[in-house]
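Observations on the model geometry
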Amino acid sequence: MPRRQNQPQHHSRRPSAVNAQPELIRWGVIGPGRAAGRFAQGLAGVPNTALHAVWGRNPARALDYAQRFNVPHLAADIPSLLAAPIQAVYVATHPDTHAAFCCAALDSGKHVLCEKPAALNVPQLESILEAAHRNGRLFMEAMKPPFFPLYQKLRARLAADPIGSIGFVRAGHCDSTLSPDYPLHFRELGGGSILGIGPYEAFLALDWLGDLKRVHAIGRLNEHGVDSFALFQTEHARGMAQLHTGIDLLSLGDALLCAPGGYVRIHANWWNPARATIHYRDGREVLLDEPFLHGGFNYETAHFCNLVRGGNRESPEITHALSLAMARLLQDARLQLGVQFPGE
Ligand SMILES: NC(=O)c1ccc[n+]([C@@H]2O[C@H](COP(=O)([O-])OP(=O)(O)OC[C@H]3O[C@@H](n4cnc5c(N)ncnc54)[C@H](OP(=O)(O)O)[C@@H]3O)[C@@H](O)[C@H]2O)c1
């Protein structure tokens, strides 16, 4: 298969002042499904990276992925993937296997970007963070919204022309169009709307309102024992949030941030943010319009690659503490509805 690389072949592990070409980051993918396809689309927009290896448990699907994205190394198993000349692994299986694959990759000395939610529950996330620490490798949960141009523009605009401290966040999303075999319907895959959709809502509330104090959830379960709809209210250091997630209804998918001096609406789909309107108390309305490129996974991946190049072991944006706080919020909400996963 032809070798794909997003920028010139020439690279240096330790860029000098004379040769400032950033280090080439070669990636391996575990779990070539929907998210991994969008990761490959995004990586094509990140300079000095290459999608070098892929492993999937279904050989036909892995081959199809390798052919679609020109991945030169189709690994027969995990050890073969981890022995490939890659620096970073993207884990995009379902949450029930994130911990096992992340720990294997970290123990082999690779840096890991793992899809949201980073793990099924808090203890599994702690095991991943321990593996990252033990091996001195970078681990980051793939929580993409803050890296989008719109989100960064919104933060900058509110810093320059403030509305005051955000005290209420309302956000949520329901999608009843998912096919009956979609992984979110099943308990054994770590499904349910809270774990599948809720990581974004948890991120937004924690990002604007600070540390979590408590969660109160109500909802309903489907015939497989996972939440098909959940409504949860959270109290934080600086305010409160009302969040919802669902897979048996349809909802808009926008987000609202309220402050004394005005409010912000991040237009749907807020987790792929491209437009927001700031409504100031004095009547002004400011529309921010920042389209995203390459499907949007490219921004978090570029951030991750730069952290690798800089020798960092934790993202300053998606910190380990933030991932743990998201996991705790989601776990509390889910357990209040009686959703437990196998082995818990
Ligand atoms: N950031 C985003 O915008 C975004 C979007 C979608 C999903 N996600 C996240 O990405 C993850 C995957 O979701 P998806 O929609 O991409 O699922 P998907 O399309 O079903 O792909 C999952 C992949 O993992 C593989 N897999 C599943 N269980 C496995 C196991 N036990 N051992 C080995 N491989 C296994 C699947 O193999 P088979 O093909 O053999 O089943 C498939 O290759 C989830 O955590 C989800 O929340 C993120």
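Up top you'll find the structure we're talking about.
Presented here is an overview of the structure given in this document.

1. Focus on the sheet that holds strand β6 (residues 139-142)
- Across the sheet, which stays open at both edges, the six strands sit in the order β3-β2-β1-β4-β5-β6 with parallel pairing between neighbours. Each of the sheet's edge strands pairs with one partner strand only, and the pair in question is β3 (73-74) and β6.
- Its contacts with the sheet put helix α2 (residues 59-68) on β1 (25-30), β2 (49-55) and β3, and the angle it makes with β2 is roughly 165°.

2. Overview of the nonpolar core
- If you look at the biggest cluster of nonpolar residues, it comprises 78 residues, and the most contacted ones within it are W27, L51, L204 and I266.
- Tallying contributions element by element places helix α8 (residues 198-209) first for this core, with eight residues.
- Structurally, this core is a two-domain feature, drawing no fewer than three residues from each of domain 1 (25-144 + 298-314) and domain 2 (146-296 + 325-336).
- Counting residues in each nonpolar core, the second largest holds 30 residues, with I78, V112, I128 and A327 among its members.

3. Points about helix α9 (residues 297-309)
- Between its first and last C-alpha, α9 extends 19 Å over 13 residues, near the 18 Å set by a 1.5 Å rise per residue.
- Burial within α9 is extensive, with 10 of its 13 residues counted as buried.
- Where α9 is concerned, the buried positions are F297, N298, Y299, E300, T301, H303, F304, C305, L307 and V308.
- After α9 finishes, the residue G311 shows a positive phi value of roughly 75°.

4. Here's the deal with the sheet that holds strand β10 (residues 239-246)
- Read across the sheet, eight strands follow the order β8-β9-β10-β7-β11-β12-β13-β14 without closing on themselves; strand pairing throughout is mixed. Edge positions in the sheet fall to β8 (212-221) and β14 (285-289), since each of these pairs with one other strand and no more. Put simply, the sheet's adjacent strands are angled 10° from each other on average, direction ignored.
- Inspection of the sheet shows strand β7 (residues 168-174) paired to strand β11 (residues 255-259) by four bridges, in the antiparallel sense. For V169, the partnering residue across the bridge sits in β11 and is L257.
- In this fold helix α10 (residues 320-336) packs onto β8 and β9 (227-236), with an angle of close to 40° to the strand it touches most, β8.

5. A short note on the pairing of strand β12 (residues 262-266)
- Only one face of β12 is covered, namely the face carrying G262, V264 and I266; the face carrying Y263 and R265 is uncovered.
- One ladder, built from five bridges, connects β11 with β12; its direction is antiparallel. Bridge pairing in β12 places C258 opposite Y263.
- Here β11 hands over to β12 after two residues, the two strands then running antiparallel side by side.
- Sheet analysis places β12 next to strand β13 (residues 275-280), joined by five bridges and oriented antiparallel. If you follow I266 over to β13, its bridge partner there is A276.

Reading the values: the criteria
Residues numbered from 1 in each chain as written. Predicted model: local features only at pLDDT ≥ 70, side-chain atom pairs only at ≥ 80, totals over all residues. Heavy atoms only, no water. Pairing = 2+ DSSP bridges. Helix = DSSP H or I, 4+ residues; strand = E, 2+ residues; numbered from the N terminus. Contact = heavy atoms within 4.5 Å. Axes fitted to C-alpha atoms, helices over the stretch in contact; angles between N-to-C directions. Core = buried A, V, L, I, M, F, W, Y, C linked by side-chain atoms within 4.5 Å. Buried < 20%, exposed > 50% of the residue type's maximum accessible area, 1.4 Å probe, protein only. Domains from an automatic or database assignment. Expected span 1.5 Å × (residues − 1).

Keep in mind these values describe shape, not function.
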